[in-house]
Every structure is written in structure tokens, then in C-alpha cells.
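Structural description and commentary
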Amino acid sequence: MTNNSIHGKYNDMSEKIAPNLIIDGDPIQPVGAVDYLKNKYIPNSETAAEHGFRNERLIRKLGSLTTGDLVLLPPEISGIQATIDDQHIRSHSLNRVPGLERGRQHSRAEVAFGQLHMAQPEAGTITELVAVKYVHPITASREFLAAKAVNERFGEHKTYTPLGFIRAKDTPRGAQRVGVLTRYEHNVNTLDNYLWNPNTPAETRRAMYQVAGRAMAELHNHGFIHGDAQAKNFALDSRGAIRHLDTETYTDIRYSHDATIDRLGDVSNMFDRETLTLAPSLADIDAFVDGYLQTQAAGPSTHDNLDQLDIEDTIALARGDDIADFI
């Protein structure tokens, strides 16, 4: 099956949006002061991994922002070369763009999609299509630092590109919320678009379950445990490459109490019947297991790898099946 055939049904109409078009729409969040996040708030990725991607200095910084404050990540991370000038604050905006949520089935209720517009009197206008996910500062810290570590350890672009953070108005209960801004990408489809759609052909479903197995195995190969490894948290990009999402739940296997149990926990999350809209068939499960085993890197000993029976037993328990009938 070609990547084109997989993606053809879900082509994103947002490709028609001109990159420099300034969108006039409902504001996602009024933008006040704009600044760059200083590098002192961004620890070394290995240090961050050792501490569970929780960094108190970054958390305090994000928690100290006032409503509407936007802090961009350094240009070497975000790619945004902005001119920070308070005289032009009123020209900054973050507005919704209808239709950008296509390809991200589960995120539609949790993530706002739109355009960041910043007036640049000397360098020209900056416009970026973005996704904005509102979370607690602790979660925002974990999501950014884990994504940074993933991209560095893989040596390639595996997550959405982080752009910065914006402080949202506190909820009625007083909970702090920070919007994590990431760059929007066309034609990135989360696997739930295929696996939770009753109209998806059986062949495509099996192919996507194999992708899910490959995605989970490559994550484990690089030393990460997902912690919320559902179909909605893995994706295929426009080139058919695997992408990893919702990194705020990630941990480093090297600092895990029992890496085997935790990796099987990821398998259990993928097949937890409480989170699946459609139950997978036995052929779907076989495809997942094959994808995982084919991608799993050989460890120093067989004890370090997951074997087929352990994976199948874990899936059977997650589904509530009788293991004897399942295998």
C-alpha cells in the first residue's frame, strides 16, 4: 500500500491557506507581551530525562507569566526570528483557523488550531499556523522537554516543532493553564483517524496497526516509555513517516523501575478496550505484534526484549479476553 493511498482520503483543505495570509477570526487567546524564553530555563536533555522531564526553574517561569504573555522559544529551537517591540503588541494576535483540526480526530476538543501573527516593523510580518494545547505549567514543561529529548535522541524530527508558550486566563477553579504552541503541519494524520473509523478498509486498518507496533517499538528502542500509548498519540506525516505525540507522559527507560513492565504497559494502553472506539480484529492484533517484533532492536540479552507471548498476553488482558481462546 502506498503512502498516497493511505493519505488520499484525508487530504487537508488547509493547504489552500496562503502562508502569509493574516486570518481574522475568533481569538484563541489575546496576546499581550511577547518575549523570548532564555536558555537558562531549558536544561540539557539528558539531565531533563533523569528528572522525569520536570524542571522546577521552567515550571516557575511559566507559572509566573501573566494572562496573555507569550514567550517564544529561542530561534534555534522554534525557527522564529522575531523583533520584540512593545510598541507593536496590539498587532500581535492568535486567531482560530477553521478546518485545521482535520487529520487530528481526538484533538479537536482538546487543542485549538489557528494562526499566530506578529507585526515586524523592520523584518516584515511573521505568520505561523499553530496548534495550542492548554495544560498546567508542570505538564507544559514535561511536554516540551520530552519532545526536545526525543528529537535529539532520534536525530531527526519526530514530534511537532515547539514554538513557545502563552499564559491563559486561569480557570474558574483557579488552575493555572499554559498554552503550548507547536507548528502546524499539513497532512499529519493521527492513527485514530484510521483505527476508530468504521469505514476504514480492513487492509488499511491492518497496515495502521502495524504502524502502531513499529512506532511503539522504535520509541522503546530509543529509551522512551510513552505512558499513554493510544492510537491518538501516534501519527503519520505527509511523507508516511511516524510521528510521536503527547510527550508529557514520557519517561526514560534508564530511570524506570522495571522497563519490561513499563513497556508492556504501553502495549496495554494501546489495546485498552475503554479507550478504543472499535475493537481490533485478531488480524489487526497480529499486524501490531508483527510490527513491534520486526522493529524491536536486539538488546544485550533476550531478557531485554519483549517476546511474542508476553505481548499477546498483555493485549488479551487489556481486551478482557480469555487468553487461552485468544492465542
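Residues numbered from 1 in each chain as written. Predicted model: local features only at pLDDT ≥ 70, side-chain atom pairs only at ≥ 80, totals over all residues. Heavy atoms only, no water.

**Concerning the nonpolar core**
Basically, it comes down to this: Nine residue types can take part in a nonpolar core, namely buried Ala, Val, Leu, Ile, Met, Phe, Trp, Tyr and Cys, and a core is a set of them joined through side-chain atoms within 4.5 Å. Here the term buried applies to any residue with accessible area under 20% of the maximum for its type, exposed to any over 50%, and partly exposed to those in between, with areas from a 1.4 Å probe on protein chains only. Only DSSP runs of H or I reaching four residues or more are called helices, and only runs of E reaching two or more are called strands; each is numbered from the N terminus. Between two residues, a contact is recorded if the distance between any of their heavy atoms is within 4.5 Å.
By size, the foremost hydrophobic cluster in this structure holds 30 residues, and its most contacted members are Leu-191, Met-270, Phe-271, Phe-288, Ile-311 and Ile-315. Taken together, the elements giving at least two residues each to this core come down to α6 (192-195), α7 (202-221), β10 (234-236), α8 (259-270), α9 (282-295) and α10 (308-319). Examining the composition of this core, we find that seven residues originate from one element, α7, more than from any other. Aside from chain neighbours lying at most four places away, what touches Phe-271 is Tyr-209, Leu-276, Pro-280, Ile-285, Phe-288, Ile-315, Ala-318 and Arg-319.

**Structural notes on the packing of α7 against α9**
Quick reminder of the rule: Structural elements are reduced to axes, namely lines fitted to C-alpha atoms, with helices fitted over the stretch in contact, and the angle between N-to-C directions of any two is expressed from 0 to 180 degrees. Here a crossing is taken to be left-handed if its near helix is turned anticlockwise relative to the far helix by less than a right angle, and right-handed if that turn runs clockwise.
α9 packs onto α7 with a crossing angle of 30° between their chain directions and a minimal axis gap of 7 Å. In this structure, α7 meets α9 at a crossing whose hand is right-handed. The residues of α9 that touch α7, namely those facing Arg-205, Arg-206, Tyr-209, Gln-210, Ala-212, Gly-213, Arg-214, Met-216, Ala-217, Glu-218, His-220 and Asn-221, are Ala-283, Asp-284, Ala-287, Phe-288, Asp-290, Gly-291, Tyr-292, Gln-294 and Thr-295.

**Re the pattern of salt bridges**
Once their charged atoms are close, side chains differing in charge can pair, the charge on each being opposite to the other. We apply this condition: In the sections that follow, a salt bridge refers to a side-chain nitrogen of Lys or Arg positioned within 4 Å of a carboxyl oxygen of Asp or Glu.
Per the counting criterion, the structure on display carries 17 salt bridges. Two residues, Arg-183 and Glu-128, come together in a salt bridge whose shortest N-O distance is 3.0 Å. One end of the pair, Arg-183, is in strand β7 (residues 178-183); the other, Glu-128, is in strand β5 (residues 126-135), and 55 residues separate them in sequence. Given the relative accessible area of 16%, Glu-128 is considered buried. Each of the salt bridges in this network shares a partner with another, and the network as a whole consists of Lys-133, Glu-143, Asp-228, Lys-232, Asp-246 and Glu-248.

**Focus: the packing of aromatic side chains**
Aromatic rings in a pair are described by how distant their centres are and how their planes are angled relative to each other. Rule in force here: Only rings of Phe, Tyr and Trp enter the pairing, Trp through its six-membered ring, and a pair is recorded when the two centres are within 6.5 Å. The plane angle decides the type: under 30 degrees is stacked, over 60 is edge-to-face, the rest tilted.
A complete count under the given rule lists six aromatic pairs for this structure. Ring geometry for Phe-113 against Tyr-184: centres 6.2 Å apart, planes inclined by 85°, an arrangement best described as edge-to-face. Here Phe-113 is found in strand β4 (residues 111-118), whereas its partner Tyr-184 is found in the loop between β7 and β8 (189-190), with 71 residues between them in sequence. As far as burial versus exposure is concerned, Phe-113 and Tyr-184 are alike and both buried. When the centroid spacing of 6.1 Å and the interplanar angle of 45° are considered together, the rings of Phe-224 and Tyr-250 count as tilted. One end of the pair, Phe-224, is in strand β9 (residues 224-225); the other, Tyr-250, is in the loop between β11 (242-244) and β12 (251-252), with 26 residues separating them in the sequence. For Phe-224, a relative accessible area of 0% puts it in the buried group. On the basis of relative accessibility, which here comes to 0%, the residue Tyr-250 falls in the buried class.

All quantities given are derived from atomic positions and should not be read as evidence of function.
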